[in-house]
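# Summary of the model geometry
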Amino acid sequence: MKLVVVTAGLSVPSSTRLLADRLAGAAARELRGAGREVDVRVVELRELARDVADNLVTGFPPPALRDAVRAVEEADGLIAVTPIFSASYSGLFKSFVDVLDKDALAGTPVLIAATGGTARHSLALEHALRPLFAHLRAVVVPTAVFAASEDWGANGADGSLAGRIDRAARELAALLGARPAAAPAVEQVVPFEQQLAALRAH
């Protein structure tokens, strides 16, 4: 099972990446506890910023971006984490979503999460991120996770944030657990004699 984490943090270190790692770890534990093998891949958008801009201008994705897009399109589940700027997702995050095929996430379970300086930005998850993924016909888990600056303090690290992370991870794992494992693609090979006979018939 392929779990892909898209994180749009801009700084190093990044609280957005920290939240993404905690969500991925919790989801992977839930899946492995249910007997599912899981491969976790992190797509760090900060490293692809120029590639995303080039693709938007030229229409051609550079190799690194093409690989990241393919990983998202082939994912069984997605964790999407963005910083909140001006009451919405970051421009880099939206630009990456814009280079995806419109059907890439149809039916894919998605856990949405965000970081911000104050808890007042938490509503951006519901008025910006959830509608975005609903438009893409993804299946968004009920619990969205927001981490404000105070959530990383001594009192917040193991309190409500940890509980929300665990609850969201359980919801994502439940959706993924209900999906059948993808069958390997089998190439259909038509014998040459059969192809030749079909041509003669025409």
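Residues numbered from 1 in each chain as written. Predicted model: local features only at pLDDT ≥ 70, side-chain atom pairs only at ≥ 80, totals over all residues. Heavy atoms only, no water.

What follows concerns the pairing of strand β1 (residues 2-7). Across the 6 residues that make up β1, a large majority, 5, are buried. Sheet analysis places β1 next to strand β2 (residues 39-44), joined by 6 bridges and oriented parallel. Looking at the pairing, Val-5 lines up with Val-42 of β2. Viewed along the sheet, the connection from β1 through helix α1 (residues 15-33) into β2 turns out right-handed. Taken together, the 5 bridges between β1 and strand β3 (residues 77-85) define a ladder with parallel strand orientation. (Buried < 20%, exposed > 50% of the residue type's maximum accessible area, 1.4 Å probe, protein only. Helix = DSSP H or I, 4+ residues; strand = E, 2+ residues; numbered from the N terminus. Pairing = 2+ DSSP bridges. Right-handed = clockwise from strand over helix to strand, strands pointing away.)

With that settled, the discussion passes to empty space enclosed by the protein. Empty pockets left among the atoms are what a rolling probe the size of a water molecule brings to light. For the structure shown, the criterion picks out 1 cavity of 30 Å³ or more. Of the voids in this model, the largest cavity is the one considered here, and its volume is about 50 Å³. Lining the largest cavity, in full, are Val-6, Val-72, Leu-78, Ala-80, Phe-93, Phe-96, Val-97, Leu-100, Leu-105 and Phe-133. Those elements that place two or more of their residues in the lining of the largest cavity are β3 and α4 (91-99). At 3 residues, α4 tops the list of elements feeding residues into the lining of the largest cavity. Here the lining of the largest cavity is built from residues that sort into 10 nonpolar, no polar and no charged. (1 Å grid on protein atoms, 1.4 Å probe; cavity = no way out; pocket = protein on both sides within 12 Å on 5 of 7 lines; lining within 4 Å. Points joined across faces, edges and corners; volume = space filled by probe spheres on them. Nonpolar A, V, L, I, M, F, W, Y, C, P; charged D, E, K, R; others polar.)

Let us look at the packing of aromatic side chains. Counted by the stated rule, this structure contains 2 aromatic pairs. On the numbers, 6.1 Å between centres and 40 degrees between planes, the contact of Tyr-89 with Phe-93 is tilted. Each of the two residues, Tyr-89 as well as Phe-93, counts as buried. Plain terms: the ring middles of Phe-93 and Phe-133 are 6.3 Å apart, the flat faces sit at 65 degrees to each other, and that makes the pair edge-to-face. With a gap of 40 residues between them, Phe-93 in helix α4 and Phe-133 in helix α5 (residues 124-135) connect regions that are remote in the sequence. Residue class for Phe-133 comes out buried when judged on its relative accessible area of 1%. (Phe/Tyr/Trp six-rings, centres within 6.5 Å; stacked < 30°, edge-to-face > 60°.)

Turning our attention to α4. The periodicity of an α-helix, 3.6 residues per turn, causes residues three or four places apart in sequence to face the same way. Three or more residues of α4 are buried, namely Leu-92, Phe-93, Ser-95, Phe-96, Val-97 and Val-99. On the buried face of α4, the contacting elements are β1, α2 (49-58), α3 (63-73), β3, β4 (88-89) and α5. (Contact = heavy atoms within 4.5 Å.)

Turning next to the environment of Glu-171. Position of Glu-171 among the secondary structure elements: in helix α6 (residues 160-177). Excluding residues within four positions of it along the chain, Glu-171 makes contact with Val-141, Pro-142 and Thr-143. Within the structure, the side chain of Glu-171 is placed 2.8 Å from the backbone nitrogen of Thr-143, a separation counted as a polar contact. (Polar contact = N/O pair within 3.5 Å; in protein donor to acceptor, adjacent residues only side chain to side chain.)

Before going further, it helps to examine unusual backbone geometry. In this model, Val-12 is joined to Pro-13 through a cis peptide bond whose omega is 0 degrees. Tracing the backbone through its elements, the reader meets Pro-13 in the loop between β1 and α1. Despite not being glycine, Ala-87 has its phi angle at roughly 65 degrees, a positive value. For Ala-87, the position within the fold is in the loop between β3 and β4. In the Ramachandran plot, Arg-137 falls in the positive-phi region, its phi being about 65 degrees despite a non-glycine side chain. Checked against the element boundaries, Arg-137 lands in the loop between α5 and β6 (139-140). Overall, the relative accessible area of 47% leaves Arg-137 in the partly exposed class.

Attention shifts here to the pairing of β3. With 8 of 9 residues buried, β3 is to be regarded as a mostly interior element. As judged from the 6 bridges shared by β3 and strand β5 (residues 109-116), these two strands associate in the parallel manner. Counterpart to Pro-83 in the pairing with β5 is Thr-115. Summarising the sheet, β3 and β4 pair through 2 bridges and their orientation is antiparallel. Paired with Phe-85 across the bridge in β4 is Ser-88. The antiparallel hairpin formed by β3 and β4 contains 2 residues in its connecting segment, where Ser-86 sits at a positive phi of about 50 degrees.

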